[in-house]
Amino acid sequence: MDANDVPQDRIPTYGGRRKLFYAVDRDGSYVAVRSSGWEAEAVATGSALEEIECLRQDAWRRAQAGTTSPLEYYMTCRRMDLALLAQTTGYSPWRIRRHFRPAVYARLSDRVLSRYADALGIESVTLRALVERP
Amino acid sequence: MRQTLPFTHRQSAHCESGVMSALTTHAGLPLSEPMAFGLAAALAFALIPFVKLSGLPLIAYRMPPGAIIRGVRKRLDIGMRRFTFGDPEQGMAALDRALDEGRVVGLQSSVFWLPYFPEDMRFHFNAHNLIVYGRDGGDYLVSDPVFEETVRCDRASMKKARFAKGALAAKGLMYFVERLPAEVELGRAIPAAIRANHRVMAKAPLPFVGLRGMRRLGRSIVKLSRDPRRRDTYLPRFLGHVVRMQEEIGTGGAGFRFMYGAFLKEAAASIGEPALKEASAAMTEAGDTWRLFALRASKMCKGREPMNAPALSDIIMQCADREAAAWELLRIAARHR
């Protein structure tokens with residue numbers, strides 16, 4: 001890649017930051033050049049973020065409708081899936097899935113809830129409620 | 001190695017090679033990032049169908065996490081200490097102790113819990129490497145190699161980042177340089193590193209690794225486009241995944257090719273082997289071809305260009321051909337002399 005071709009597309013996923021790339025300058029030597037991002041990367045990251053956002057919105061609707069517990073919504077807020085939440089809390093996936101049932105979730109002890117609070121980085125009081133941006 | 005010198009932050013293209021370059025340089029053995037990457041024989045390719053990440057096969061453009069640190073350490077015989085912890089509090093105490101002793105410490109961490117990362121880059125990726133060079137009140141002073149400037153991270157977030165669970169969990173991994181070798185023989189280390197890398201790229205006995213793996217990827221794109229059940233939704237997802245792993249994670253597939261090209265250029269000068277310069281140019285061409293693939297594939301995924309699987313497959317085959325040409329030059333240049 002020519003040093004002049006290092007993309008400067010100012011992609012939103014970089015949040016205004018720049019990454020470093022190695023490129024070839026006019027006399028053929030390698031130089032390090034800062035890049036504000038490339039459209040192709042933005043597309044790829046964007047579609048991964050879209051997938052995450054879809055899951056979050058879907059869980060939000062179901063949590064509001066009361067068909068799932070706030071726990072599932074908060075899990076998607078932290079970009080986690082069931083397997084990762086299970087590994088982080090040490091609870092088995094089926095046990096967590098049971099906690100997705102609003103009736104079961106409402107009866108959870110403070111101890112269990114504090115484990116979720118720790119894993120998700122969300123305060124227990126917030127876990128008891130349903131907040132869109134925890 | 002106790003150092004009283006102030007630590008100098010330098011931005012790098014990739015976290016692990018950047019950390020290794022910064023740690024050795026700070027300890028008194030100046031090593032550029034491409035040199036660290038090349039000496040570790042870290043260039044690779046793998047498409048592993050039976051390891052899935054949310055339903056998509058694992059694809060890697062470099063050796064697995066940890067290979068650069070280990071590779072440089074072994075190749076140059078650098079004395080390093082490395083620790084993992086079962087108990088997060090112990091891990092944090094050990095970090096504080098090392099910092100109080102004046103050490104500059106490398107850490108493995110999750111990207112997601114690092115507050116200084118932009119929101120859109122925060123995924124649950126556990127094999128990010130960074131350097132902590134000091135403490136100030138409740139904050140750690142961080143030199144994250146992929147950032148332009150030094151940053152800060154509060155203690156609670158650092159603990160979460162170091163002890164995040166899941167794939168490639170860091171278990172609080174921390175490491176630092178303790179002893180430098182008496183002398184470094186680049187004239188021996190560079191050819192040996194190139195030979196080791198040649199074995200991975202050209203001679204791996206597995207069909208999904210190295211040049212064979214690339215050609216397999218090329219064929220599988222065409223195969224997917226002929227499968228009516230996977231053509232319409234899975235194929236674009238798969239291509240998006242290939243591009244994302246190529247361009248976003250680490251420094252990307254093309255980025256690694258350019259970094260290896262930079263290594264070969266530097267190596268050519270430092271050991272006086274002009275053939276490495278020629279190989280560097282071939283590797284640069286391979287990187288350019290990977291970039292062309294990313295550009296076309298991302299347009300096709302977005303529907304800005306009609307899906308043309310044979311054309312994409314063809315570009316991958318060109319990548320493989322170009323890299324094969326580079327490795328043939330390197331095989332000859334790095335033969336035992």
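As shown above, the structure is provided for reference.
Residues numbered from 1 in each chain as written. Chains lettered and ligands numbered in written order. Predicted model: local features only at pLDDT ≥ 70, side-chain atom pairs only at ≥ 80, totals over all residues. Heavy atoms only, no water.

Asker: Help me understand the overall build of chain A in this model?
Answerer: Assigned secondary structure in chain A consists of seven helices and two strands. Going from N to C terminus, chain A has its helices and strands arranged as β-β-α-α-α-α-α-α-α. For 134 residues, the compact-globule estimate of 2.2 N^0.38 gives 14 Å, and the C-alpha radius of gyration of chain A, at 21 Å, exceeds that figure by more than 25%. For the C-alpha atoms alone, the extent of chain A along its principal axes is close to 70 × 30 × 25 Å. Burial statistics for chain A: of 134 residues in total, 48% are counted as buried. (Helix = DSSP H or I, 4+ residues; strand = E, 2+ residues; numbered from the N terminus. Rg over C-alpha atoms; globule rule 2.2 N^0.38 Å. Buried < 20%, exposed > 50% of the residue type's maximum accessible area, 1.4 Å probe, protein only.)

Asker: How should I be thinking about the pattern of salt bridges in this particular structure?
Answerer: Any two side chains of opposite charge can pair, so long as their charged atoms come close to each other. As enumerated under the stated definition, the model contains 30 salt bridges over all chains in all. Between A:R62 and A:E72 there is a salt bridge, with its nearest N and O atoms 3.0 Å apart. Placement of A:R62 in helix 1 (residues 39-65) and of A:E72 in helix 2 (residues 70-77) is noted, with a sequence separation of ten residues between them. A:R62 sits in the partly exposed class, given a relative accessible area of 27%. B:R257 is paired through a salt bridge with B:E323; the nearest N and O atoms lie 2.6 Å apart. With B:R257 in helix 9 (residues 253-271) and B:E323 in helix 11 (residues 309-333), this residue pair connects regions lying 66 residues apart in the sequence. Bridged by salt links that share partners, the residues B:E89, B:D96, B:D100, B:R135, B:R155 and B:K159 form one connected network. (Salt bridge = Lys/Arg side-chain N within 4 Å of Asp/Glu carboxyl O.)

Asker: Could you clarify how one ought to interpret the packing of helix 3 (residues 82-89) of chain A against helix 6 (residues 110-120) of chain A in this entry?
Answerer: For any two helices packed against each other, the geometry comes down to the angle between their axes and how far apart the axes lie. Residues and elements named next belong to chain A. Where helix 3 meets helix 6, the axes come as close as 9 Å, and the angle between the chain directions of the two elements is 115°. It follows from the interaxial angle that helix 3 and helix 6 lie roughly perpendicular. In terms of crossing hand, the pair formed by helix 3 and helix 6 is right-handed. Between helix 3 and helix 6, the contacting residues are L85, T88 and T89 on the first element and R115, Y116, A119 and L120 on the second. Class assignment for the residues of the contact of helix 3 with helix 6 results in four nonpolar, two polar and one charged. (Axes fitted to C-alpha atoms, helices over the stretch in contact; angles between N-to-C directions. Parallel < 35°, antiparallel > 145°, perpendicular 65-115°, else oblique. Left-handed = near helix turned anticlockwise from the far one by under 90°. Contact = heavy atoms within 4.5 Å. Nonpolar A, V, L, I, M, F, W, Y, C, P; charged D, E, K, R; others polar.)

Asker: Which parts of the structure should I look at to understand the interface of chain B and chain A?
Answerer: It is common to report an interface's size as the accessible area lost on association of the parts. With 44 residues of chain B at the contact, the number on the chain A side is 40 residues. The interface formed by chain B and chain A holds five salt bridges in total. In this structure, the salt-bridge partner of B:R304 is A:E39, at a minimum N-O distance of 3.7 Å. Seen at the junction of chain B and chain A, the total is twelve residue pairs in polar contact (both at pLDDT 80 or more). (Polar contact = N/O pair within 3.5 Å; in protein donor to acceptor, adjacent residues only side chain to side chain.)

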